[in-house]
Amino acid sequence: MNVYKEEKIMKTLLWGSALFTVFILIAILSFLIIKGAGALSIDFLTKIPTDSGEKGGIFPAILGTLYLVTIAVLTAAPLGIGGAIYLVEFQREGIITKIIRFGADTLNGVPSIIFGLFGFAFLVYYLKLGVCILSGGLTLGFMILPTVLRTSEEALRAVPRGDKEGSYALGATKLQTIRNIVLPQSFSGIITGIILGIGRAAGETAPIIFTAAILNPVLPKSVFDPTMTLPTHLYNLVSEATPDKLLNAYGTALVLVMIILITTYSALLLRRYFTRNIRR
Amino acid sequence: MNREKLVERILLICALSAIFVIFLIIMFLFKEGLPILKKEGLSFIFGRFWEPSKNIFGALPFIIGSLSVTFLALLIAVPLGLFCAIFLSEIAPGWAESLLRPVIELLAGIPSIVYGMFGLIIIVRAIKVSIGLPTGESVLAGGIVLALMILPIIISISEDSINAVPRAYKEGSLALGATHWQTIRNVIIPSASSGILASVILSMGRAIGETMAVVLVLGNVEMIPRSIFNPAEALTSVILLEMGETPVGGTHYQALFAIGILLFVIVMLLNTASILIRRRMR
């Protein structure tokens, strides 16, 4: 084949595959918006579901997802940020940091259904917490721990060496330097990691289906109660699809995706803003 | 000085928490699942029939189900993802890059249950109508949905490794009179091949471990699929579908944890291989 013809064909193919990827996103989003926008209303967001999800809204599910994500962040943020500070400030690069990082990467790769099995066997059954918000939130917290740990580590490493040395030279102790120099400068990077974790935790179904979720539209009174959640409610609506349930399923999916895309996108914008400011 | 030591201890505990969780996961999976694996031995892995009511537990249909969906997904997503990565790092003008990057990030953010719903309502129906199957729920539908899901991982890791190819290699090839595509094919892709391989292996692990997208489109029939137009059931689906209806501690419960062990071991091997390849690259 003619070299120039080949060049042209391949470039067209490269452009084509990029366009196709954009098309996939547009297809999924427009599918959700076209089918789901009709279900959205104030009532849909603030009422409890009736007739096993065929009528009514999704208020308990929104609330449940909010509770679960809050507990997940309260679990993952202290452990992840603390671990990252240890890796960057207290430990020289070596075997220990390698092991910790390998552990985080391994945990990151564990399939979500395995977290579900583990949460059920350990938290629900062995620790006798029962199927409740606490069990589900902890399970999600373990799942997003690696995300928080690795993004915080990156943010802490980006703090210029000179700033830390300046602080030490003025006689500050290590803890003072961490509190007054390192943490304020890496704050937005750490927040980015937490928001990315929130986006992931809010959309996961498999880890909470045995550990926290119920179908009854009952508002939980404490963290020891089970709850409805957006993803599990969506799963139930879709798997028993009647026309009314499907309409509400589209609405639920649209709300879930909007929550996740807004949190994820704000994290990405924050990260871009933050890296630009560091380089300056 | 004492206070600093105390803080250091606490932070060390935080840092070790991820490893601690991994150990707990392994401990509880094996505590519940190992007895039946020991008892049934290889017949658990190679058994062709899964009938919990008769105490027959053979996981082969699910292993084949998971593997066939995964390979089909790779077959679709690897060429597409690799081309997107080449596009991003080699030929995209600024505006196209700043359009495509957020698209990939948003695709990675869409939750798997939504991919599953999209698959069930659009892809399954399209397969049913266009091929004329009695039901569109099939290995083919699962492969397409999984391909969409793993596309962002393949693109971002392959792109990293393409960007890591030294500039001089590319310039040398162009200076010798090669065209841009010849340079991509003969210089850039071979030099980036280990990173591309790492992305393929990692996304294979993700695909095998994926639950919600697959369970809605595969049809969930406990039989070995004969072709990509047959329904199937994945390892993850069995756990999700049967966990709710089984008494804690019984044989069926243990068998589901044993499936969890199989899944965990497969995914961990793939992830570790991917991490090692990427580490060697650096």
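Residues numbered from 1 in each chain as written. Chains lettered and ligands numbered in written order. Predicted model: local features only at pLDDT ≥ 70, side-chain atom pairs only at ≥ 80, totals over all residues.

A tally of regular secondary structure across chain A gives 11 helices and 2 strands. Ordering the α and β elements of chain A from the N terminus gives α-α-β-β-α-α-α-α-α-α-α-α-α. Along the three orthogonal principal directions, the C-alpha set of chain A runs to about 70 × 70 × 35 Å. Taking all 280 residues of chain A together, 50% fall into the buried category. Contacts in chain A between residues at least 24 apart in sequence constitute 76% of all its contacts with a sequence separation of at least 6. (Helix = DSSP H or I, 4+ residues; strand = E, 2+ residues; numbered from the N terminus. Buried ≥ 20, exposed ≤ 12 C-beta atoms within 10 Å, placed from the backbone. Contact = placed C-beta atoms within 7 Å.)

Attention shifts here to the domain arrangement of chain A. Residue and element names in this part refer to chain A. Domain assignment breaks chain A into domain 1 (3-38) and domain 2 (42-279). Distance between the C-alpha centres of domain 1 and domain 2: 31 Å. Between domain 1 and domain 2, the residue contacts involve 6 residues of the former and 6 residues of the latter. Of the residues contributing to the side of domain 1 that touches domain 2, the split by class is 3 nonpolar, 2 polar and 1 charged. (Domains from an automatic or database assignment. Nonpolar A, V, L, I, M, F, W, Y, C, P; charged D, E, K, R; others polar.)

Our next topic: unusual backbone geometry. All names here are of chain A. Even without being glycine, Lys128 reaches a positive phi, approximately 55°. The topology assignment puts Lys128 in the loop between helix 5 (112-126) and helix 6 (133-157). According to the C-beta neighbour criterion, Lys128 is exposed, with 7 such atoms within 10 Å.

The subject of this paragraph is the interface of chain B and chain A. Listed per partner, the contact involves 66 residues of chain B and 69 residues of chain A. With 20 residues, helix 1 (residues 2-40) of chain B is the largest single contributor of residues to the side of chain B that touches chain A.

In this section: helix 3 (residues 59-90) of chain A. Residue and element names in this part refer to chain A. Between its first and last C-alpha atoms helix 3 spans 45 Å; for 32 residues at 1.5 Å apiece the expected length is 46 Å, and the two agree. Taking the largest bend as the criterion, helix 3 deviates by roughly 25°, centred on Ala76, and proline Pro78 comes between one and four positions later. In terms of residue burial, helix 3 counts as a mostly covered element, since 24 of its 32 residues are buried. (Expected span 1.5 Å × (residues − 1). Bend = angle between axes of the 7 residues up to and from the residue.)

This next bit is on the environment of Lys38(B). Within the secondary structure, Lys38(B) sits in helix 1. According to the C-beta neighbour criterion, Lys38(B) is exposed, with 10 such atoms within 10 Å.

Residue and element names in this part refer to chain A. Running from N to C, helix 4 (residues 95-109) and helix 6 point in directions that differ by 140°, and their axes come no closer than 8 Å. Accordingly, the angle class assigned to the pair helix 4 and helix 6 is oblique. In this structure, helix 4 meets helix 6 at a crossing whose hand is left-handed. Contacts from Ala104, Asp105, Leu107 and Asn108 of helix 4 reach helix 6 at Leu145, Pro146, Leu149 and Arg150. Here the residues of the contact of helix 4 with helix 6 are counted per class, giving 5 nonpolar, 1 polar and 2 charged. (Axes fitted to C-alpha atoms, helices over the stretch in contact; angles between N-to-C directions. Parallel < 35°, antiparallel > 145°, perpendicular 65-115°, else oblique. Left-handed = near helix turned anticlockwise from the far one by under 90°.)

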